[in-house]
Amino acid sequence: MLSNDENQLLTRVGPGTPCGELLRRYWQPIAGARELTEEQPKKRIKILGEELVLYRDDNGGYGLVGERCSHRGTSLYYGFLEDGGIRCAYHGWLYDRTGRCLEQPFEPNPKFREQMLHPAYPVEKLGGLLFAYMGPQERKPLVPRWDILAWNNGHRAVIRQETLNCNWLQAEENSADITHTYFLHIQTLRHRAHKQTAGNSGEFRGDPPLGWRPGASDQVGFGRPFAKYGFQPFEWGLLKSWVYEGEHSSEGWGHPLIFPNMLRISAQMHWRVPIDDHRTEIIIVHFRLSEDGREVEEREDPLVEYMAPQVLAKGEYAMDTFFSHDKMAWETQGSLFDRSKEHLGESDRGIILFRKMLKEQIEIVRQGGEPRGLVRDPEKNTCIELVGWQNEGDLRTGSYWADGIARKRSRDEVFDERHEVFDVPYGAARPRSGATGS
Ligand code: FES
Ligand SMILES: [Fe+2]
């Protein structure tokens, strides 16, 4: 439970808000590079409560500037890309990508434009994504080269989900919530499968969960009841662990929450980028190893795939994909969840740890310090390997360990004395038989 003040502190993201200032210290993805084309080189972006225009100029460089012209506030989205910048369509003021005003065609005094500084943020491209940095320029870190963005022996896809109509923290707290998977994902699908009649929509869209078959009692892989779960802070955020029923406790461990607003699952990274206090953009990069594991030359930026809507025409959640399950869970908490009304238990330990981390880092920034997880050392940034959830033999993406792209780590190498482990009591989440209660 949080007081109203604490809830505001951890959720509000606009300019000048403590959490907004923290999030501005990290490069945030704003679009897939393929979303800008020769025919459509501009795109409106709203991020952290700021309305901006992203553009690609004639030289292939990217600009990200405040949408409202500094003269009379007209949208620069309708401006012209010319003469080294973007020219407002109203009276022709021209801005470069650093926010300098290069021309004011009707103004006789050049000092007037020289004093002007239009909002502008640097943009960098990596792994097919465009990242923006909106913090103080003198504090700008490197764009982190997460492994899935840096590996060159496979293909990437950028996946866009429909806008999430809730505050970013509801999505990110879910990354610290292990136990939700059993009911929200697995039991939801099982209930749907039981009701399924020929031709209705009870089927799972896309890939089924690993080893999961509707109604099967001999489950393997994801979807079995947990016997234990645990949490541990680590260099880049928070690790979760779990052990399935009937499994040795040295097996099974979790995928990491990457601070402040990411989740790593197998070979996917999910970013939860706040649009404003009540809406969030989900951007995913998925890495697939090449057939023979050899290097591939990616001549073009990765394709951008748009996920099917998760809300049906009648306004209900489709509940037939993991994404629609999560969207239901997060959005129905309210557009900005009132955490003074929640009741956290032991299984919410991950959420408590994450909030503590967030609060501490907000305070560090407030005091003028450097928050955790910024990358400044180019050597360390060649390829930042993230430990993944990998002890399940038939993982679709498991091959990237076998092929030696990344080193598989043992549980002991990953977890230490900070690892807090909890037992799941026998009951609805852990049937005594060890079956999954189908
Ligand atoms: S409003 Fe943009 S130049 Fe006048
Ligand atoms: Fe989920």
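The notes below deal with the structure included here. Everything numeric here is computed off the predicted structure, so don't read it as measured data.

1. Points about the pairing of strand S12 (residues 226–234)
Point 1. Burial runs high along S12: seven of the nine residues are buried.
Point 2. From the end of S12 to the start of strand S13 (residues 237–244), which pair antiparallel, there are two residues.
Point 3. Pairing of S12 with strand S19 (residues 420–423), which is carried by four bridges, proceeds in the antiparallel orientation. Paired with Tyr229 across the bridge in S19 is Phe422.

2. With respect to the coordination of the iron ion (ligand 2)
Point 1. The iron ion (ligand 2) binds to the protein through His180 (NE2), His185 (NE2), Asp326 (OD) and Asp326 (OD); the donor distances cover 2.1 to 2.6 Å.
Point 2. Coordination at the iron ion (ligand 2) comes from four donor atoms whose angles at the metal span 53 to 149°, giving a geometry best classed as irregular.
Point 3. Sequence spacing among the residues donating to the iron ion (ligand 2) works out to H-x4-H-x140-D. Pair noted here: His180 is in helix H6 (residues 180–195) and Asp326 is in helix H7 (residues 322–331), with a separation of 146 residues, a long-range link. Like Asp326, His180 is buried.

3. Topic: empty space enclosed by the protein
Point 1. Counted according to the given criterion, the structure contains one cavity of 30 Å³ or more.
Point 2. Tyr26, Trp27, Pro144, Trp146 and Met262 are the residues nearest the centre of the largest cavity, which is lined by 14 residues in total.

4. Considerations on the sheet that holds strand S17 (residues 280–289)
Point 1. Spatially, nine strands are ordered S18-S11-S17-S16-S15-S14-S13-S12-S19 in an open sheet, and the strand pairing comes out mixed. Looking at which strands have only one partner, the edges of the open sheet turn out to be strand S18 (304–306) and S19.
Point 2. Relative to S17, strand S11 (residues 154–160) runs antiparallel, the two being bridged by seven bridges. Residue pairing in the sheet places Arg156 in a bridge with Phe287 of S17.

5. Considerations on the layout of surface pockets
Point 1. In this structure, the second largest pocket encloses a volume near 290 Å³.
Point 2. Lining the second largest pocket are 16 residues; nearest its centre among them are Asn174, Asp177, Gln333, Asp348 and Ile351.
Point 3. Only helix H5 (168–174), H7 and helix H8 (349–366) provide two or more residues apiece to the lining of the second largest pocket.
Point 4. The leading source of residues in the lining of the second largest pocket is H5, at three residues.
Point 5. A class-by-class count of the residues in the lining of the second largest pocket yields five nonpolar, six polar and five charged.

6. Describing H8
Point 1. The end-to-end C-alpha distance of H8 is 26 Å, a good match for the 26 Å that 18 residues give at a rise of 1.5 Å each.
Point 2. If you check which residues of H8 are buried, you get Gly350, Ile351, Leu353, Phe354, Arg355, Met357, Leu358, Gln361, Ile362 and Val365.
Point 3. Where H8 terminates, the next one or two residues include Gly368, which has phi positive at roughly 90°.

7. Points about the nonpolar core
Point 1. Counting 75 residues, the largest nonpolar core has Ile30, Leu54, Leu64, Trp146, Trp271, Phe354 and Leu358 as its most contacted members.
Point 2. No other element matches H8, which puts seven residues into this core.
Point 3. The residues that make up this core include at least three from each of domain 1 (27–137) and domain 2 (156–423).
Point 4. Ignoring any residue separated from it by four or fewer positions in sequence, one finds Phe354 in contact with Trp168, Leu169, Glu172, Glu173, Ala176, Leu238, Leu257, Phe259 and Pro260.

Criteria and thresholds
- Residues numbered from 1 in each chain as written.
- Chains lettered and ligands numbered in written order.
- Predicted model: local features only at pLDDT ≥ 70, side-chain atom pairs only at ≥ 80, totals over all residues.
- Heavy atoms only, no water.
- Buried < 20%, exposed > 50% of the residue type's maximum accessible area, 1.4 Å probe, protein only.
- Helix = DSSP H or I, 4+ residues; strand = E, 2+ residues; numbered from the N terminus.
- Pairing = 2+ DSSP bridges.
- Donors = N, O, S within 2.8 Å, 3.2 Å for Na, K, Ca; no water.
- Tetrahedral: all angles 85-135°; square planar, octahedral: opposite > 155°, others 65-115°.
- 1 Å grid on protein atoms, 1.4 Å probe; cavity = no way out; pocket = protein on both sides within 12 Å on 5 of 7 lines; lining within 4 Å.
- Points joined across faces, edges and corners; volume = space filled by probe spheres on them.
- Nonpolar A, V, L, I, M, F, W, Y, C, P; charged D, E, K, R; others polar.
- Expected span 1.5 Å × (residues − 1).
- Core = buried A, V, L, I, M, F, W, Y, C linked by side-chain atoms within 4.5 Å.
- Domains from an automatic or database assignment.
- Contact = heavy atoms within 4.5 Å.

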